[in-house]
Amino acid sequence: MIFCYAMGIEVLFCMCVNTGQYVTISYIFPNADKYEGQCCKSTSGALVRGGTGKHTSASGVIYSGEWYDDKMNGTGTLQLPSGAHYEGDFKDGMFHGTGKYTFPNGSFYTGHFNQNRLEGQGSFTDSSGLVWIGEFHGKAALGLRLKHGF
């Protein structure tokens, strides 16, 4: 294990990946959030989250997955203190692409997301296990139909 210090951050191990320098760190932010994972230098020289890592907020929100340019980008899992959680694609810190959002009551939506909104073909399984399929547009889901024979 290699220890070095950069900008007051304890680096647990260093490695070179492709053309970028990635370091694996454990860092506690001034607001008590914690990040464990890979970082790299941005074009401005600042150390930013990149690669894979886990961010735990002081309020109990946990994101584990891929990072790019200090934002949730790629595939990951976001857990909320309410018990809700999302697993799927992220872009610029938002649900974007294909994923599954589970509500605190156990019901869940599986399908497409666009900037944190349900968008496109998907299915909603309610807390009693009934599956509704159709086209979703934010909070609207016109033309939903009950899936039979599941």
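Here, every reference points to the structure presented above.
Quantities reported herein were computed from a predicted structural model and do not represent experimental measurements.

Conventions used here
- Residues numbered from 1 in each chain as written.
- Predicted model: local features only at pLDDT ≥ 70, side-chain atom pairs only at ≥ 80, totals over all residues.
- Heavy atoms only, no water.
- Salt bridge = Lys/Arg side-chain N within 4 Å of Asp/Glu carboxyl O.
- Helix = DSSP H or I, 4+ residues; strand = E, 2+ residues; numbered from the N terminus.
- Phe/Tyr/Trp six-rings, centres within 6.5 Å; stacked < 30°, edge-to-face > 60°.
- Buried < 20%, exposed > 50% of the residue type's maximum accessible area, 1.4 Å probe, protein only.
- Lys NZ or Arg CZ within 6 Å of the ring centre and 35° of its normal.

## Thoughts on the pattern of salt bridges
This model, assessed by the stated rule, comprises two salt bridges. In this structure, the salt-bridge partner of arginine 49 is aspartate 70, at a minimum N-O distance of 2.8 Å. In this pair, arginine 49 is assigned in strand 5 (residues 47–56) and aspartate 70 in the loop between strand 6 (62–68) and strand 7 (71–79), connecting sequence segments 21 residues apart.

## As for the packing of aromatic side chains
Enumeration according to the criterion identifies 14 aromatic pairs in this entry. Taking the centre distance of 5.6 Å and the plane angle of 90 degrees together, the rings of tyrosine 35 and tryptophan 67 count as edge-to-face. Of this pair, tyrosine 35 sits in strand 4 (residues 34–41) while tryptophan 67 sits in strand 6, and the two are 32 residues apart along the sequence. Of the two residues, tyrosine 35 and tryptophan 67, neither departs from the other in class, the shared state being buried. When the centroid spacing of 5.1 Å and the interplanar angle of 90 degrees are considered together, the rings of tyrosine 86 and phenylalanine 90 count as edge-to-face. Residues tyrosine 86 and phenylalanine 90 agree in their burial class; the two are buried. The positively charged end of arginine 49 is found above the aromatic ring belonging to tyrosine 35, 5.8 Å away from the centroid. Across from the ring centre of phenylalanine 108, 4.2 Å away, lies the NZ or CZ of lysine 100, which sits over that ring.

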